[in-house]
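# Survey of secondary and tertiary structure
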Amino acid sequence: MRLAMIGLGKMGYNMTLRLLRAGHEVVAADRNVDTARELAGQGAIFAATLPEALGKLPPPRVVWVMVPAQVTDEVIEEASAHLAAGDILIDGGNSNWKDSRSRSSRLAQKAIHFCDAGTSGGIWGLKNGYCLMVGGPIEAVKRCEPVFRALAPEGGYAHVGPAGAGHYVKMVHNGIEYGLMEAYAEGFEIMKTAPYKLDLRTIASIWGRGSVVRSWLLELLEVELAQDEDLKAIKGWVEDSGEGRWTVQAAIDQNIPAPIITLSLQARLRSRQEESYGAKILAALRNEFGGHAVKKA
């Protein structure tokens, strides 16, 4: 089928290539026109602007938006001005699920279908496929299933519920990811400071083969440790893209205890502090009540 991919960053670019390789026709558009031209050289249909991209689609049109969360509303508003009843708009970015429900309601007023596709797979998705957690009306999802199945590996796609459900499930997925990564980080730091000279790359390798803690994340860690076990080129400053915060907030709103995910988010926040004011207060209080020594700045 033919669809438009709006947003050709590291995810949208590779997703376009995977769709092309599966025999789909993709109209490629991005604010960086050179990127769209580059993909046109690999089989995509070039469009310089979003309206031009929509003009190259047969009705009813399917438009996949793959842009950062902070500009998603702007792009959807621009697209909706050119869409008609029966068209389908898919948001595959890391949007908040509440925003997705709101966008679905707004588009429904024009009889435009909205699907939210939680997308996991990162830069490896082109080769391995993308896990797709899709929310939206059943008729729209069914119409787009050839696209979803082309992007996902076998068994890696599901329609998980109405609009918003896809991004909700992806939010929780990323919250769990925070916890898994933090557990690996803590465990390997303990081994790094062990009273033995441990080969951490080898340990990551054997744990990935038959161990109960094996995972793709562990495989990726093995790749990193094989290059440099001390990770000298990397600063221990960890960003978060929002989904962990949303997961913690959802847990609070739903009265569900989620200590592991919450603490893993807090660990990321702590990683960004060159000097912790809170730690200074702890040191000062210990000195005041107990005379404990402090380290001077």
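Residues numbered from 1 in each chain as written. Predicted model: local features only at pLDDT ≥ 70, side-chain atom pairs only at ≥ 80, totals over all residues. Heavy atoms only, no water.

## Topic: the pairing of strand β8 (residues 157-161)
Where strand β7 (residues 131-135) lies against β8, four bridges are found, and the strand directions are parallel. Paired with G135 across the strands is G161, a residue of β8. (Pairing = 2+ DSSP bridges. Helix = DSSP H or I, 4+ residues; strand = E, 2+ residues; numbered from the N terminus.)

## Some remarks on the sheet that holds strand β2 (residues 25-29)
What holds strands together in a sheet is hydrogen bonding between their backbones, with the strands either parallel or antiparallel. With mixed pairing, eight strands are arranged side by side in an open sheet as β3-β2-β1-β4-β5-β6-β7-β8. Of all the strands in the sheet, just β3 (45-46) and β8 have a single pairing partner and so form its edges. Where strand β5 (residues 88-91) and strand β6 (residues 113-120) come together, four bridges link them in parallel fashion. Paired with I90 across the strands is C115, a residue of β6. Helix α4 (residues 69-80) contacts β1 (2-6), β4 (62-65), β5 and β6 of the sheet and is inclined by roughly 170 degrees relative to β5. Running over the sheet, helix α7 (residues 138-151) touches β1, β4, β5, β6, β7 and β8 and is turned about 155 degrees from β8. (Contact = heavy atoms within 4.5 Å. Axes fitted to C-alpha atoms, helices over the stretch in contact; angles between N-to-C directions.)

## A word on the packing of aromatic side chains
As enumerated under the stated definition, the model contains five aromatic pairs in all. Aromatic side chains W64 and F148 sit 5.9 Å apart centroid to centroid with 70 degrees between the ring planes, which places their arrangement in the edge-to-face category. Placement of the pair is W64 in strand β4 and F148 in helix α7, with a sequence separation of 84 residues. Like W64, the residue F148 is buried in the burial classification. Between W97 and Y168 the ring centres are 5.1 Å apart and the planes differ by 85 degrees, which places this aromatic pair in the edge-to-face class. Taken together, the residues W97 in helix α5 (residues 97-108) and Y168 in helix α8 (residues 165-192) connect sequence positions 71 residues apart. (Phe/Tyr/Trp six-rings, centres within 6.5 Å; stacked < 30°, edge-to-face > 60°. Buried < 20%, exposed > 50% of the residue type's maximum accessible area, 1.4 Å probe, protein only.)

## Notes on the nonpolar core
W64, I90, L132 and F148 are the most contacted members of the largest nonpolar core, which totals 34 residues. At seven residues, α7 tops the list of elements feeding residues into this core. If you look at the next biggest cluster of nonpolar residues, it comprises 21 residues, including A53, L54, V75 and A79. (Core = buried A, V, L, I, M, F, W, Y, C linked by side-chain atoms within 4.5 Å.)

## A look at the packing of helix α9 (residues 200-207) against helix α10 (residues 216-227)
Relative to each other, α9 and α10 sit at 155 degrees, their axes nearing to 9 Å. For the element pair α9 / α10, the angle class is roughly antiparallel. Once α9 is placed against α10, the crossing between them reads as left-handed. Contacts between α9 and α10 involve L200, R201, A204, S205 and W207 from the first element and L218, E222, L225 and A226 from the second. Partitioning the contact of α9 with α10 into residue classes produces six nonpolar, one polar and two charged. (Parallel < 35°, antiparallel > 145°, perpendicular 65-115°, else oblique. Left-handed = near helix turned anticlockwise from the far one by under 90°. Nonpolar A, V, L, I, M, F, W, Y, C, P; charged D, E, K, R; others polar.)

## Examining the pairing of β4
Burial of the side chains of β4 extends over both faces: V62 and W64 are buried on one face and V63 and V65 on the other. The pairing of β1 with β4 spans three bridges and is parallel. Of the residues in β4, the one forming a bridge with M5 is W64. Looking at chain direction, β4 and β5 are connected through four bridges and run parallel. Bridge pairing in β5 places V63 opposite L89. Following the chain from β4 across α4 to the adjacent parallel β5, one finds a crossover that is right-handed. (Right-handed = clockwise from strand over helix to strand, strands pointing away.)

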